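# Per-entry structural report
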Amino acid sequence: MRVGKSIILFGPPGAGKGTQSGLISSITGKPQVSTGDMLREAVKEGTDLGKSAQSYMENGLLVPDQVIMDLIRVRLTNDDADSGLLFDGFPRTLPQAMALEQLTEVEKVISLVVEDDEIVSRITGRRTDPVSGEIYHVVFKPAPPEVSGRLVQRNDDTEETVRKRLATFHQQTAPLSEYYRERGLLIEIDGSGDIKQVSASIGTVLEKDIGS
Ligand code: AP5
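This section reports on the structure supplied with the text. Predicted model, so just to flag it, every value in this text is computed and none were measured. (Residues numbered from 1 in each chain as written. Predicted model: local features only at pLDDT ≥ 70, side-chain atom pairs only at ≥ 80, totals over all residues. Heavy atoms only, no water.)

### With respect to the packing of helix α4 (residues 65–75) against helix α5 (residues 94–101)
Operational definition: Axis lines are fitted to C-alpha atoms, over the contacting stretch for helices. Their N-to-C directions set the angle, which ranges from 0 to 180 degrees. Labels follow the DSSP assignment, with helices taken as runs of H or I lasting at least four residues and strands as runs of E lasting at least two, numbered in each case from the N terminus. The labels follow the angle: roughly parallel below 35 degrees, roughly antiparallel above 145, roughly perpendicular from 65 to 115, and oblique for the rest. The crossing is said to be left-handed when, going from far helix to near helix, the turn is anticlockwise and less than a right angle, and right-handed when the turn is clockwise. The contact definition used throughout considers only heavy atoms, calling two residues in contact when any of these lie within 4.5 Å. As a working rule, the residues Ala, Val, Leu, Ile, Met, Phe, Trp, Tyr, Cys and Pro are called nonpolar, Asp, Glu, Lys and Arg charged, and the rest polar, with Gly in that last group.
At a minimum axis distance of 10 Å, the contact between α4 and α5 shows a crossing angle of 30 degrees. Classified by the angle their axes make, α4 and α5 are roughly parallel. The handedness of the crossing between α4 and α5 comes out as right-handed. For the pair α4 and α5, the contacting residues are D65, I68, M69 and R73 in the first and P95, Q96, A99 and L100 in the second. Considering only residue class, the contact of α4 with α5 consists of five nonpolar, one polar and two charged.

Quick look at the structure:
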């Protein structure tokens, strides 16, 4: 099974991947696939996969590659995957990146670059609407009053776990940016501005790419 060309949305935890993925999907027409969302769903449903992934996630560690690749292979059997996907938070290791190459051609890698201290304040203030899945922030993107009463905070969004997730990112995932740079696929975007500024930068890069 091999699907059409795909895009990777890359960056540290809290860089804004989930926030910006809708925009990229709407420009490129590629459905977003977040391995983090898939894992959280499995944990919520109490499946065997969810039970085995939970302690890795709560401790800021990566879930084993084999588990992730099994999830991805199943996801690629959906009809909407035929013309390629937008991967959010995947791949995160070299073995995952190499396994992905057997399944799709990576067209580009959009990398959001944000400093660690900014990440900590973004993640500890993150709140999610369990009904719509919309991502908010207590300061940077407050929820409307009718939604604010039902917002939830992720278990792994404490400062202690964020620091561990950042260490995991720097050790195991950040080296992938070099892998994609060498292949001429890496597009780095300054993710440190506000949400609208980052969206504008992504939009400019993608429109230029589509137009060329
Ligand atoms: P996952 O769910 O993928 O988490 P992550 O990569 O740590 O990324 P986040 O979802 O935390 O951040 P984001 O970049 O989407 O930021 P967001 O847009 O929400 O993974 C969770 C866990 O699952 C991992 O730790 C691991 O255990 C496991 N896992 C998942 N995939 C795996 C894989 N492939 N291999 C192995 N294990 C895997 O924004 C964050 C906050 O900032 C929000 O509140 C938002 O409103 C705000 N914000 C966004 N942009 C801005 C801005 N420009 N200015 C100010 N605030 C902003």
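Back to the text.
### Quick word on α4
This is how the line gets drawn: Relative accessibility thresholds used throughout: buried, under 20% of the residue-type maximum; exposed, over 50%; partly exposed, between the two (1.4 Å probe, protein chains only).
Those residues of α4 that fall on the buried side of the exposure criterion are V67, I68, M69, L71, I72 and R75. Next to the buried residues of α4 lie β2 (32–34), α2 (35–45), α3 (48–58), β3 (86–88) and α5.

### Concerning the pattern of salt bridges
Going by this rule: Each salt bridge in this description consists of a side-chain nitrogen of Lys or Arg and a carboxyl oxygen of Asp or Glu lying within 4 Å of one another.
Counted according to the given criterion, the structure contains 15 salt bridges. Across the pair D157 and R126 runs a salt bridge whose closest N-O atoms are separated by 2.9 Å. Of this pair, D157 sits in the loop between α7 (145–148) and α8 (159–173) while R126 sits in strand β5 (residues 126–128); the two residues are 31 residues apart in sequence, bridging distant segments of the chain. Judged by relative accessible area, which is 1%, D157 ranks as buried. A relative accessible area of 13% means that R126 is categorised as buried. Ionic pairing is found between E134 and K141, a salt bridge with its closest N-O pair at 2.6 Å. On the basis of relative accessible area, E134 is assigned to the partly exposed category, the value being 34%. Several salt bridges share partner residues, and in doing so they unite R126, R154, D156, D157 and R165 into one network.

### Some points on the site of the ligand
To be explicit about the condition: Here, proximity means that at least one heavy atom of the residue falls within 4 Å of the molecule or strand. Polar contacts here mean pairs of N or O atoms no more than 3.5 Å apart (in protein, one a potential hydrogen donor and the other a potential acceptor; neighbouring residues in sequence count only if both atoms are side-chain atoms).
Around the ligand sit 34 residues, and of these T19, L61, R92, R126 and R165 come closest. The contact in question runs from an oxygen atom of the ligand to an N or O atom on the backbone of G14, over 2.8 Å. In this structure, R154 approaches the ligand through a side-chain N or O atom, which is 2.9 Å from an oxygen atom. For the shell around the ligand, the secondary-structure elements that each account for two or more residues are α1 (17–28), α2, β6 (135–137) and α10 (195–211). With four residues, the top contributor of residues to the shell around the ligand is α2.

### A closer look at the packing of aromatic side chains
The condition is simple: Between the rings of Phe, Tyr and Trp (Trp by its six-membered ring), a pair exists once the centres lie within 6.5 Å; its type follows the angle of the planes, with under 30 degrees stacked, over 60 edge-to-face, and the other angles tilted. Criterion for a charge above a ring: Arg CZ or Lys NZ at most 6 Å from the ring centre, at most 35 degrees from the ring normal.
In this structure the tally under the stated criterion is three aromatic pairs. With a centroid separation of 6.0 Å and 50 degrees between ring planes, the pair formed by F10 and F169 is classed as tilted. Here F169 lies in helix α8 and F10 lies in strand β1 (residues 3–10), a separation of 159 residues in the sequence. Accessibility assignment for this pair places F10 and F169 in one class, buried. Seen from their ring centres, Y179 and Y180 are 5.1 Å apart, and the 85 degrees between their planes marks the pair as edge-to-face. Look at Y179 and you get buried, because its relative accessible area is 11%. The lysine or arginine in question, K141, covers the ring of Y136, its NZ or CZ lying 5.5 Å from the ring centre. Cation over ring: R183 sits above Y179, and NZ or CZ is 3.6 Å from the ring centre.

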